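# Descriptive analysis of the structure
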Amino acid sequence: MLLKYIKHPLMIAVTLAMFSALGSVHAYRTDHGFLPPGANVCESHVSVSLEVPPNSQAVPDPFKGEFSHGFYHVEELNDGLFYMTDGVYQAMFLVSKRGIIVVDAPPSIGVNQVDSTQSVSIVDVLYSIPETQGLPIKKLIYSHTHLDHIGAASIIQDAFPKVKIIAHWQTQQQLRLGTGELEGLLPGSGTNPPPMPTQIFFKEKRIKLGKQTLHLSYKGPAHEPGNIYIYAAKQKVLMLVDVIFPGWSPFTNLAIVEDVPEYIEAYDEVLEYEFDVFVGGHFNRLGNRDDIIEAQQYILDIKANALAALQNPALFQIFGVAPQNGLGAFSIYLDQMACDCANRTLDPGVTPSGNDWLSRIGNSDINTLTHCWEMGEAMRIDPTF
Ligand SMILES: [Zn+2]
């Protein structure tokens, strides 16, 4: 029973958190014991766990049986705009009298992690509520190319062959390069890779169906080339996937960022919209303006602390140790720079905002180091910074 219980990824997280309480592990690569005294200058001040601060808690909570369909959840945000989640991924759909517009097709939504025989397809999830009954799926929008967010798109196209698929042109370019060799690795994904977009756009596009409208915008590669903003003005809902994680530290390395300056810029761009609800694509927690402002403070703290670490002369000791292996020394230097930056960021007495991020946002203990590494290295070499 326990084994069955811990098969669910969220249960695995909880179980690991329980075990981690027995002995904390260090998050930083600081154990360069071969270095002479003085060259190994940064030690982690923070141990990691998988505990979730109150501000990061899922709403509704699947562990309390609050999901509307047991192992997945569908909820109306406002005026025909719904979101669906499995607790880890989020997607969105807009219902009009003429049909449905779907944004993203994460393959995990509908998968029952405890009993796979109970799993349903993403199409079943979309038709699990009264509001969608009898309506066709007319349009499908890709937020970006990553398969964990659109890997089930072919299931929607199989059910509705005439569905129009809309994406940024760079998303189309990336999907064209795909070989399909890795298809099937994600549970719940279709037998085919995501279908090619049937409509592309460059900067802005308005998607209309009946009386419902979505505005698509591309502002730069905040996550990857082609990742777009999806805005429902009437409902005051903004979706931007894999950039900002309300209540949480972003996924590792600034959410596997490709362009750090564009990533930082995205926070201001989000705040230019008039929205009440922000859909970030992950976890089971939506965001509001205050969440975005807080998340921005965390990133700006990391930026300031990465600069301070880059200017810390103590970290330069390493370069005198092994002149015959400059690049190896540089890798260690970057680890120590990230360690110094993370220690500063997670110390409320040092970090510029004065916030206690460990008690405020989930996974800051785990991921701040990787954000610092990414930020510091970009500040060092990215000419657009
Ligand atoms: Zn992504």
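Here, the structure is the one placed above.
This text gives an overview of the structure that appears in the document.

The rules behind the values
- Residues numbered from 1 in each chain as written.
- Predicted model: local features only at pLDDT ≥ 70, side-chain atom pairs only at ≥ 80, totals over all residues.
- Helix = DSSP H or I, 4+ residues; strand = E, 2+ residues; numbered from the N terminus.
- Buried ≥ 20, exposed ≤ 12 C-beta atoms within 10 Å, placed from the backbone.
- Contact = placed C-beta atoms within 7 Å.
- Pairing = 2+ DSSP bridges.

Another aspect to go through is the overall build of the chain. A count of helices and strands for the chain gives 12 helices and 14 strands. The buried share of the chain, taken over its 385 residues, is 44%. Summarising the internal contacts of the chain: among those between residues at least 6 apart in sequence, 70% fall at separations of at least 24.

Moving on to the environment of H69. Within the secondary structure, H69 sits in the loop between β2 (47-48) and β3 (73-78). Overall, the presence of 14 C-beta atoms within 10 Å leaves H69 in the partly exposed class. Once you skip the residues sitting within four places of it in the chain, H69 turns out to touch V74 and S128.

Moving on to the pairing of strand β6 (residues 99-103). In terms of residue burial, β6 counts as a mostly covered element, since four of its five residues are buried. Of the pairings in the sheet, the one linking strand β5 (residues 90-96) to β6 comprises five bridges and is antiparallel in character. Note on β6: the bridge partner recorded for M92 is V103. The turn joining β5 and β6, which pair antiparallel and follow one another in sequence, is formed by two residues. When β6 meets strand β7 (residues 137-141), the two strands line up parallel, connected through four bridges. Following the sheet pairing, V102 is matched in β7 by L140.

Moving on to unusual backbone geometry. For the bond running from V59 to P60, omega is -5°, close enough to zero to count as cis. Here P60 lies in the loop between β2 and β3. Phi is positive for N253, close to 55°, though the residue is something other than glycine. Examined against the element boundaries, N253 turns out to sit in helix α7 (residues 252-256). Taking the C-beta count within 10 Å as the criterion, N253 has 17 such neighbours and is therefore assigned partly exposed. Not every positive phi belongs to a glycine, and I256 is a case in point at roughly 40°. If you trace the backbone, I256 turns up in helix α7.

Next up on the list: the environment of Y83. By secondary structure assignment, the location of Y83 is in strand β4 (residues 81-85). When the C-alpha atoms of Y83 and V102 are compared, they prove to be 9.7 Å apart, with 19 residues separating the residues in sequence. Among all residues touching Y83, those that are not within four sequence positions of it are E75, L77, Q90, M92 and V279.

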